Amino acid sequence: MAANSSNGEQQTPSKPPPLPSPLRFSKFFQLRLRFLFQPRPCPKLLLLLRRLLQIQKIFLVPMLHQIRLVKGLVKALISKKMIGKASLHNGLYILPTSPKIEISKSFTALGKVDTVMLWHFRLGHPSFQYLAKLFPALFINKRPNSFSCKVCSLAKHTKSSYFPSTYKPSYPFALIHSDIWGPSRVKNADNCKWFITFIDDHSRITWTYLLKDKSETASVFVQFYNMVLTQFGSKIQLFKSDNGSEFFARSLGDFFKEKGIVQISSCVGTPQQNGVAERKNRHLLEVTRSLLFTTNVPKYLWGEALLTATYLINRMPSKVLKFQTPQSIFLQHFPHFKPISSILPLKIFGCTVFIQNIAPNKSKLDPKSLKCVLVGYFSLKKGYKCYHPPSKRFFTTMDITFYEQDSYFTQAEIQGETWSDFQPQQSNMRILVTGGAGFIGSHLVDKLMENEKNEVIVVDNYFTGSKDNLRKWIGHPRFELIRHDVTEPLLVEVDQIYHLACPASPIFYKHNPVKTIKTNVIGTLNMLGLAKRVGARILLTSTSEVYGDPLIHPQPETYWGNVNPIGVRSCYDEGKRVAETLMFDYHRQHGIEIRIARIFNTYGPRMNIDDGRVVSNFIAQALRGEPLTVQKPGTQTRSFCFVSDMVDGLIRLMEGENTGPINIGNPGEFTMLELAEIVKELINPKVEIKMVENTPDDPRQRKPDITKAKELLGWEPKMKLRDGLPLMEEDFRLRLGVSKEK
Ligand SMILES: O=c1ccn([C@@H]2O[C@H](COP(=O)(O)OP(=O)(O)O[C@H]3OC[C@@H](O)[C@H](O)[C@H]3O)[C@@H](O)[C@H]2O)c(=O)[nH]1
Ligand SMILES: [Mg+2]
């Protein structure tokens, strides 16, 4: 998976330190060495450590602080035992080669391990106390707490304290708890970044669905509702969730109303009130991590591990249920329902399996069986779910030979992956801005860089943009600038794409119209291809020019426009219209997450002085003492948005849940004569206003209807024209070297 090679480690600026010779270890579970911090780890050491761990292809062990150095001796904090003497290499303390650290029996040693450990692995690492309840026969003469498992302590590093929730039995589907988790930094094999759970309050049986986008919430709930109705003849009565906006989308609300479902939500700011669902999520993620961990399964299969975790937890005894399993309680109410999958013997997730090669175009010489990895159980079809990484294909089959003690993946497969990546939201975002050296682009970059969680990559061909606009970010560790033309394909790993690249001033886009249309069509195709490949969300900055010379005023997004397809402006306005079409086709055909902004006239500092657009022309003319050139008839209108408002709107659109298109612009409308008068009054009352010839197809009026932006993004512009113009004047004075007369 392309997405998987992206990890923060690659950004480490320092060169890897030379490795001292004792630093050789084979497998994670035979880990013999530990790197120790002084009581307070210094950042440089951390960096070294990360680097070393990366080179050594092992996970960062999240228990480092549990060992401390006391006068050159290593002391385990939990057992309070002295482990041995540490020697210093390159600023790192290294343990003696065979320290007696309590490393428990591991999966690699499974061959020698008794059946207790085998079941512990198959069931996704439940506690040994629970195992003893499930299989009392296995524990004859053995105490549950005499067993320990290394993977458990790694996967459950959150030290989660489960406050048992209050449990009042009722009957199935009376109350469903739900929660959404994500976005995961790593996309699942099928590009999912989210998951949603539905938990039956009575039995605590859980259904998990993977989502590509949060906006799928309503449709997935409808699917779940129908499944419950058809399979169990039951209707959901109460639905409980937190206040996530996706649960309050109108489409879902309408469905609740229609079906008479009562929606309850936790109070604002108290997610713990959604306790059942939140706790279930945490449990699911712990088991998911354990499953992935045990057999080195790469994170792009986290979705399969999660579905398997759900499957297993449904079949595990729970304290809340007085050590009955959710499935057994549930089936008491539906005695005739036989889940097909429950007759499948459990096997270790991630183990090697051979399945009958059923490829249709298989030739006689092709191997009869295919080596795959076991990734779960199908509850609807009878069979195990297997994945064939070389062809990226899934298979469901019963015709299968298990090699339960061989993990399919080796340590090398998970090189550089750390578990801190496998976390929602808080994780870093890598953002691509095409045309980021331009006027709006560079302001957008400034805003994105303010958030320390963002890494920004700018690509620009400097046709109208300039490196100067990004001066302050060049050399910044979270910033990267690439000279690149979007009409050529681009290979980068990113989470979001702001696609701005295209000359926007009429004089520039008309200068080389073929290039302009190429940029809009091929450039957008390339960026959509990139978004599809890496599963990124992409925002296109379209334009108010898609409305052409509008016959409807002001322009709502529903207006289809009045565009000349063969005029001198067509390279731009038709180009952007095709770009919008491409965006929606990729969305419908490939499920890409898209956002479309229709930008209206924008002004502000950093506009090119010789941009040719009206505001920059008038200000430059006023400062140079030249006549303001109003193109005829001068009664044509425009609405001008200050650049900071524009950037704010674009980010809201990207972060929100609506695809658009959404108009982003300032509804204040002015004729060009009025604008000239204002500039004259504010900047230089002495200049004259001169009427000049206009260019063909100039729209006669333009003003955005921003109802949609207000409602869906909570956005409206704040800066008035009379306040914004002086800010732009200041910038132009500096660049033109014209000081203000006293
Ligand atoms: O010196 C000038 C320049 C322009 N104008 C007039 O001012 C009006 C605005 O022209 P501009 O060139 O600034 O901008 P336009 O509205 O034509 O195009 C703009 O529209 C929205 C954006 O998405 C486009 O990228 C941008 O080019 C036009 O009616 C034009 O005739 C003048 O009166 N004098
Ligand atoms: Mg939530």
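Look a little higher up for the structure.
Notes on the structure follow. None of the values given here were measured: they were computed from a predicted structure.

Re the sheet that holds strand S11 (residues 262-265)
Phase 1 of the analysis: Strands sit in the order S9-S8-S7-S10-S11 across an open sheet of 5 strands; the sheet is mixed. The sheet is open, and its two borders are formed by strand S9 (206-211) and S11, each paired with just one other strand. On average, each strand axis in the sheet is tilted by 20° relative to the strand beside it, whichever way the strands run.
Phase 2 of the analysis: Here 6 bridges tie strand S7 (residues 175-181) to strand S8 (residues 194-200), and the two strands are oriented antiparallel to one another. Pairing of His177 across the sheet is with Ile199, part of S8.
Phase 3 of the analysis: The sheet strands contacting helix H7 (residues 275-294) are S7, S8 and S9, and the helix crosses S7 at an angle near 55°.

Some words on helix H5 (residues 217-232)
Phase 1 of the analysis: Taking 1.5 Å of rise per residue, 16 residues should cover 22 Å, and H5 covers 22 Å from first to last C-alpha, within 8% of that figure.
Phase 2 of the analysis: Listed as buried for H5 are Thr217, Ala218, Val220, Phe221, Phe224, Tyr225, Val228 and Phe232. The arc that holds every buried residue of H5, seen down its axis, measures 165°, which confines them to one face.
Phase 3 of the analysis: Lining the buried residues of H5 we find S7, S8, S9, strand S10 (238-241), helix H6 (250-259) and helix H9 (326-333).

Thoughts on the environment of Arg185
Phase 1 of the analysis: Summarising the element assignment, Arg185 is placed in the loop between S7 and S8.
Phase 2 of the analysis: Note on Arg185: relative accessible area 13%, which makes it buried.
Phase 3 of the analysis: Each C-alpha atom of the pair Arg185 and Met429 lies 8.2 Å from the other, and the pair is 244 residues apart in sequence.

A look at the coordination of the magnesium ion (ligand 2)
Six octahedral donors at a metal ideally form angles of 90 or 180 degrees, and four tetrahedral donors ideally form angles of 109.5 degrees.
Phase 1 of the analysis: Donor atoms from the polypeptide that coordinate the magnesium ion (ligand 2) comprise Asp179 (OD) and Asp242 (OD), at 2.0 to 2.2 Å from the metal. Here Asp242 lies in the loop between S10 and H6 and Asp179 lies in strand S7, a separation of 63 residues in the sequence. In terms of burial, Asp179 and Asp242 fall into one category: buried.

With respect to the site of ligand 1
Phase 1 of the analysis: Around ligand 1, 23 residues are found, and the nearest of them are Ala504, Thr543, Gln631, Arg638 and Asp698.
Phase 2 of the analysis: Within the contact set of ligand 1, an oxygen atom lies 2.9 Å away from a side-chain nitrogen or oxygen of Glu545.
Phase 3 of the analysis: Between ligand 1 and the protein, one listed contact pairs an oxygen atom with a side-chain N or O atom of Gln631 at 2.6 Å.
Phase 4 of the analysis: Surface burial for ligand 1 is 95%, taken as the share of its 660 Å² of free accessible area covered by protein chains.
Phase 5 of the analysis: When contributions to the shell around ligand 1 are tallied by element, the ones reaching two or more residues are helix H14 (614-624) and strand S24 (628-631).

Some points on the nonpolar core
General note: in soluble globular proteins, nonpolar side chains tend to be found buried as a group.
Phase 1 of the analysis: Among the nonpolar cores identified, the biggest contains 59 residues, and Val433, Ile440, Val445, Tyr498 and Tyr603 are the most heavily contacted of them.
Phase 2 of the analysis: The dominant element in this core, judged by the number of residues it contributes, is helix H15 (residues 643-655), at 7 residues.
Phase 3 of the analysis: Residues in contact with Val445, not counting those within four places in the same chain, are Val433, Gly436, Val456, Val458, Leu470, Trp473 and Phe479.
Phase 4 of the analysis: Within the second largest apolar cluster, 55 residues are counted, among which are Phe121, Tyr311, Val375 and Tyr387.

As for unusual backbone geometry
Phase 1 of the analysis: Gly182 connects to Pro183 through a cis peptide bond whose omega is -5°.
Phase 2 of the analysis: Position of Pro183 among the secondary structure elements: in the loop between S7 and S8.
Phase 3 of the analysis: Cis geometry marks the peptide bond from Gly660 to Pro661; its omega dihedral reads 5°.
Phase 4 of the analysis: Note that Pro661 resides in the loop between H15 and strand S27 (662-664).
Phase 5 of the analysis: For Lys392, which is not glycine, the phi dihedral falls at a positive 55°.
Phase 6 of the analysis: Its place among the elements puts Lys392 in the loop between strand S14 (384-388) and strand S15 (393-397).

Looking at the sheet that holds strand S21 (residues 537-543)
Phase 1 of the analysis: In spatial order, the strands read S19-S18-S17-S20-S21-S22-S27; together these 7 strands make up an open sheet with parallel pairing. Taken across any chain shown, the strands that pair with only one partner, and hence form the sheet edges, are strand S19 (479-483) and S27. If you compare each strand with its neighbour and ignore which way they point, the axes differ by 20° on average.
Phase 2 of the analysis: The sheet contact formed by strand S20 (residues 496-499) and S21 spans 4 bridges and is parallel. Following the sheet pairing, Ile497 is matched in S21 by Ile538.
Phase 3 of the analysis: Seen against the sheet, helix H13 (residues 570-590) touches S21 and strand S22 (594-599) and runs at an angle of roughly 155° to S21.

Regarding the pattern of salt bridges
Two side chains carrying opposite charge are able to pair once their charged atoms lie near each other.
Phase 1 of the analysis: Applying the stated criterion across every chain yields a total of 29 salt bridges.
Phase 2 of the analysis: Between Arg537 and Asp213 there is a salt bridge; the shortest N-O distance is 3.6 Å. Taken together, the residues Arg537 in strand S21 and Asp213 in the loop between S9 and H5 connect sequence positions 324 residues apart. Each member of the pair, Arg537 as well as Asp213, is classed as buried.
Phase 3 of the analysis: The salt bridge involving Glu304 is made with Lys385; its shortest N-O contact spans 2.6 Å. Taken together, the residues Glu304 in helix H8 (residues 302-314) and Lys385 in strand S14 connect sequence positions 81 residues apart.

Section: the state of the cysteines
Phase 1 of the analysis: Taken as a whole and assessed by the stated rule, the structure comprises 0 disulfides.
Phase 2 of the analysis: Of all cysteine sulfurs in the structure, the one in Cys571 sits closest to Cys502, which takes part in no disulfide; the separation is 8.0 Å.

Thresholds, definitions, all that
Residue numbering note: each chain is counted from 1, following its sequence as written. Each chain gets a letter, beginning with A, and each ligand a number, beginning with 1, in the order they are written. It should be noted that, the model being predicted, local features are given only for residues of pLDDT at least 70 and side-chain atom pairs only at 80 or more, the latter also being counted only at that level, while totals for whole chains, interfaces and linings use all residues. For side-chain calculations, the full set of non-hydrogen atoms in the structure is used, while hydrogens and water are omitted. Note on pairing: two strands pair once DSSP finds at least 2 bridges between them. Strands are runs of DSSP state E lasting at least two residues, helices are runs of H or I lasting at least four, and both sets are numbered from the N terminus onward. Throughout, an axis means a line fitted to C-alpha atoms (over the contacting stretch in the case of helices), and angles, computed between N-to-C directions, take values from 0 to 180 degrees. Should any heavy atoms of two residues lie within 4.5 Å, those residues are counted as being in contact. Helices are assigned an expected span. That span is 1.5 Å times one less than the residue count. Note on exposure labels: buried denotes an accessible area under 20% of the residue type's maximum, exposed denotes more than 50%, and partly exposed covers the range between, all computed with a 1.4 Å probe on protein chains only. Working definition: the arc comes from the directions between the helix axis and the C-beta atoms, pointing outward to the latter. In this analysis a donor is any N, O or S atom within 2.8 Å of a metal ion (3.2 Å for sodium, potassium and calcium), and since water is not included, sites may seem incomplete. Here a residue is near a molecule or strand as soon as one of its heavy atoms is found within 4 Å of it. Throughout this description, a polar contact denotes any pair of N or O atoms lying within 3.5 Å of each other; where both atoms belong to protein, one of them has to be capable of donating a hydrogen while the other can accept it, and for residues adjacent in sequence the pair is counted only when both atoms sit in side chains. Computed with a 1.4 Å probe, the accessible areas rest on the Shrake-Rupley method; for each residue, only the protein chains presented here act as cover. We call a set of buried residues a nonpolar core when its members are Ala, Val, Leu, Ile, Met, Phe, Trp, Tyr or Cys and they connect through side-chain atoms within 4.5 Å of each other. A pair is scored as a salt bridge if a Lys or Arg side-chain nitrogen falls within 4 Å of a carboxyl oxygen belonging to Asp or Glu. Only a pair of cysteine sulfur atoms within 2.5 Å counts as a disulfide in this structure description.

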